[in-house]
Amino acid sequence: MACATSALEELDNRKMDFCRVLYITEILRNILDNLDKQSLFRITVTCRDFSGPALDTLWAVMDSFKPFIPLLPENVRQNWDLAYTLEDLSQMQCPEEEWKVFDSYARRVRHFDCGNNTNNRSVYQQLIILRPTSVAFPHLKGLSFTLGPGTLMFPPSLRILEICSLDFPFGPAFNIHLALRRAAEDVPFLGSLRIVGEFHLFPAGGYPLPFKALHTVELSAFLELQPKVFHHFSHLLSTAPVRFLRVAIPILSQLFVEPTDRDKMSIFLNVEVLDIIANPEQASNLVSLVGSPHLHTVIFEARGCSSGFDRFLSVLAQRPVPIRSLKITVQGVETRGAEASADVQGFLRALEPVVSAGLERLTVNISMERASRVCSSVWKRLDEGCWPALEHFECNLTDADTGDSVISVVQS
């Protein structure tokens, strides 16, 4: 009997030890991070001790504002879809105590994607107009929103910001320049900035934005990127310690009004990795603009044109400090069957100056029509190794019509 009692006590002690483990914040958080939303909800309604941490995890990442609508003050909730102007919103303001329920959940949000605007209204800016002295999501780490009318305010905790601007010629003009200045004032230690969409011209002049820790920047225009817009955007971020730069340039855009403009400016002096989506001419111009002596990696995805690589590769080869890593992706190369081999060989020859300049790692991905007609001599050259001095060489040639792999070589 004594042995049985001792075994039961030992079992109870083990259960207690297991329960104590769950009260260690790091362990509990790791468990909750691996549960689905349904399981998290069950924990919030069945265990008082774990309800708070489970709610924190459940509300940490939000990709819509809809779950917050029932939490709004009654007056705001009833008129939420009826407010079409800034004046309508200002008339919906209510005492701070009526926001307590909303705040109890909003403070748990770490990453928030507001989604598209409705009736030219930005949900995030709507909340700021309703509460001009309060930050709606005080512990936010990442924010994505579409710019609309009204003022802006960002929490100091923010580290990742994505702004979508839909300033089409036939639509309203919302000044992204002012939005960036407000972000720099509120969040000087912002780490990542992404701007997508269409942009009107920024006002001329102005001092660079005082971002102190901005290491990643992406600029992606939908239809057109005007030279003056790109120049001013670069000027605004000229003092930021940007190390990773990604630029997607629409096919018909030009970075320079005149060819001589490329000699008048040098931008992003701290960039280490440059990721470009553009045609070869645009990519050549952008590489010539980046004046960073620290640039060691270039990633290039050719858009809208499969020719003109000679100048792009020549610009890379002539940089004062050699590029160490290069990745090139070319999609849908149009070629006649008899010319497929010549096209591949010509592209490999164009790469030689870059390799000779000190390149260490090279990856080439080509999708080509009739790629299956590339002759065996090209295969042999790739298999034997085009450039033995490279630390890593990878070449993938696929048939654009069938998607089949024609050549796949990896050498390290």
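Calculation rules
Each residue is numbered by its place in its chain's sequence as written, counting from 1. The predicted nature of this model means local features are confined to residues of pLDDT at least 70 and side-chain atom pairs, given and counted, to a pLDDT of 80 or more, with totals for whole chains, interfaces and linings taken over all residues. Side-chain calculation: all heavy atoms of the structure are included, whereas hydrogens and water are not. Each helix is a run of H or I in the DSSP string that is no shorter than four residues. Each strand is a run of E no shorter than two, and both are numbered from the N terminus. The classification of residues rests on relative accessible area computed with a 1.4 Å probe and restricted to protein chains. Under 20% of the type maximum is buried, over 50% is exposed, and intermediate values are partly exposed. Contacts: residue pairs with any heavy atoms within 4.5 Å of one another. For accessible areas, the Shrake-Rupley method is used with a probe of radius 1.4 Å. Any residue's cover is judged against the shown protein chains and nothing else. Here pLDDT means the predictor's own confidence in every residue, given as a number from 0 to 100. Residues with no salt bridge and a relative accessible area higher than 30% make up the patches, which join like charges within 9 Å and nonpolar side chains (Val, Leu, Ile, Met, Phe, Trp, Tyr) within 5 Å. We define a salt bridge as a side-chain nitrogen of Lys or Arg found within 4 Å of a carboxyl oxygen belonging to Asp or Glu. Only four residue types enter the charge count: Lys and Arg as positive, Asp and Glu as negative, with His and the chain ends excluded. By convention, charge coordinates are those of NZ in Lys, CZ in Arg, CG in Asp, or CD in Glu. Stacked, edge-to-face and tilted labels apply to pairs of Phe, Tyr and Trp rings (six-membered ring for Trp) whose centres lie within 6.5 Å, assigned for plane angles under 30 degrees, over 60, and everything in between, in that order. Should the NZ of a Lys or the CZ of an Arg lie within 6 Å of a ring centre and within 35 degrees of the ring normal, that charge is described as sitting over the ring. Identification of polar contacts relies on pairs of N or O atoms within 3.5 Å, with a donor-acceptor requirement for protein atoms, meaning one able to donate a hydrogen and the other able to accept it, and with residues adjacent in sequence counted only if both atoms are side-chain atoms. To obtain each axis, a line is fitted to C-alpha atoms, and for helices this fit is confined to the stretch in contact; angles are then taken between N-to-C directions over 0 to 180 degrees. Oblique is the label for every angle not falling under 35 degrees (roughly parallel), over 145 degrees (roughly antiparallel), or within 65 to 115 degrees (roughly perpendicular). Crossing handedness follows the turn of the near helix against the far one: under a right angle anticlockwise gives a left-handed crossing, and clockwise gives a right-handed one. Side-chain classes are defined by residue name, with Ala, Val, Leu, Ile, Met, Phe, Trp, Tyr, Cys and Pro counting as nonpolar, Asp, Glu, Lys and Arg as charged, and the others, Gly among them, as polar.

### Topic: the overall build of the protein
- Scanning the protein from terminus to terminus reveals 14 helices and 13 strands.
- Buried positions account for 46% of the 412 residues belonging to the protein.
- Intrachain contacts of the protein at a sequence separation of at least 6 include 71% that bridge at least 24 residues.
- With the model as given, the accessible surface of the protein reaches about 21,200 Å², and the carbon-plus-sulfur share is 53%.

### Quick word on the confidence of the model for the protein
- Per-residue confidence for the protein gives a mean pLDDT of 80; residues scoring 70 or more make up 77%.
- Here helix H1 (residues 2-22) is the element of the protein with the lowest mean pLDDT, 49, and strand E9 (residues 297-302) is the one with the highest, 96.
- When the criterion is pLDDT under 50, residues 7-18 qualifies, and its contacts beyond four places in sequence or with other chains add up to zero contacts.

### What to know about a positive patch on the surface
- Together, Arg29, Arg107, Arg110, Lys141 and Arg159 give the surface a local cluster of positive charge.
- In this structure, Arg29 sits in helix H2 (residues 25-33).
- Assessed through its relative accessible area of 48%, Arg29 is described here as partly exposed.

### Side note on the packing of aromatic side chains
- Applying the stated criterion across every chain, the model contains 18 aromatic pairs.
- With a centroid separation of 5.5 Å and an interplanar angle of 80°, the aromatic rings of Phe68 and Phe137 are classed as edge-to-face. Linking Phe68 in the loop between strand E1 (61-62) and helix H5 (74-79) with Phe137 in the loop between helix H8 (123-130) and strand E3 (142-146), this pair joins segments that are 69 residues apart in sequence.
- For Phe68, a relative accessible area of 0% gives the class buried.
- Classification of Phe137 by relative accessible area gives buried; the value is 1%.
- Counting every residue linked through ring pairs, the aromatic cluster contains Trp59, Phe65, Phe68, Trp80, Trp99, Phe102, Tyr105, Phe112 and Phe137.
- Geometry around Tyr207 places Arg181 over its ring, the cationic atom sitting 4.1 Å from the centre.

### Considerations on the side chain of Ser157
- Among the structural elements, Ser157 can be located in the loop between E3 and strand E4 (160-166).
- Of note is the side chain of Ser157, whose polar atom sits 2.6 Å from the backbone oxygen of Leu140.
- Those residues within four positions of Ser157 in sequence are excluded, and the remaining contacts are Pro138, His139, Leu140 and Lys141.

### Focus: the environment of Phe268
- Tracing the backbone through its elements, the reader meets Phe268 in the loop between strand E7 (244-248) and strand E8 (273-278).
- Since its relative accessible area comes to 5%, Phe268 is described here as buried.
- Measuring from C-alpha to C-alpha, the distance between Phe268 and Val242 comes to 6.9 Å, with 26 residues separating the pair along the chain.
- With near-sequence residues (within four places) excluded, Phe268 lies in contact with Phe233, Ser234, Leu237, Val242, Leu245, Val290, Gly291 and Ser292.

### Brief notes about the packing of helix H12 (residues 309-317) against helix H13 (residues 340-356)
- Orientation of H12 relative to H13, taken along the N-to-C sense of each, is 15°, at an axis distance of 7 Å. One element, H12, and the other, H13, form an angle in the roughly parallel class. Regarding H12 and H13, the two cross each other, and that crossing is right-handed. Between H12 and H13, the residues in contact are Phe309, Asp310, Leu313, Leu316 and Ala317 and Phe347, Ala350, Leu351, Pro353 and Val354, respectively.
- Of the residues that constitute the contact of H12 with H13, the class distribution is nine nonpolar, no polar and one charged.

### A word on the packing of helix H11 (residues 280-289) against H12
- The contact between H11 and H12 brings their axes to 8 Å, and the two run at 15°. For the element pair H11 / H12, the angle class is roughly parallel. Considering only the axes of H11 and H12, their crossing is left-handed. Seen from H11, the contacting residues are Pro280, Glu281, Ala283, Ser284, Asn285, Val287 and Ser288; seen from H12, they are Phe309, Arg311, Phe312, Val315 and Leu316.
- Classifying every residue of the contact of H11 with H12 gives seven nonpolar, three polar and two charged.

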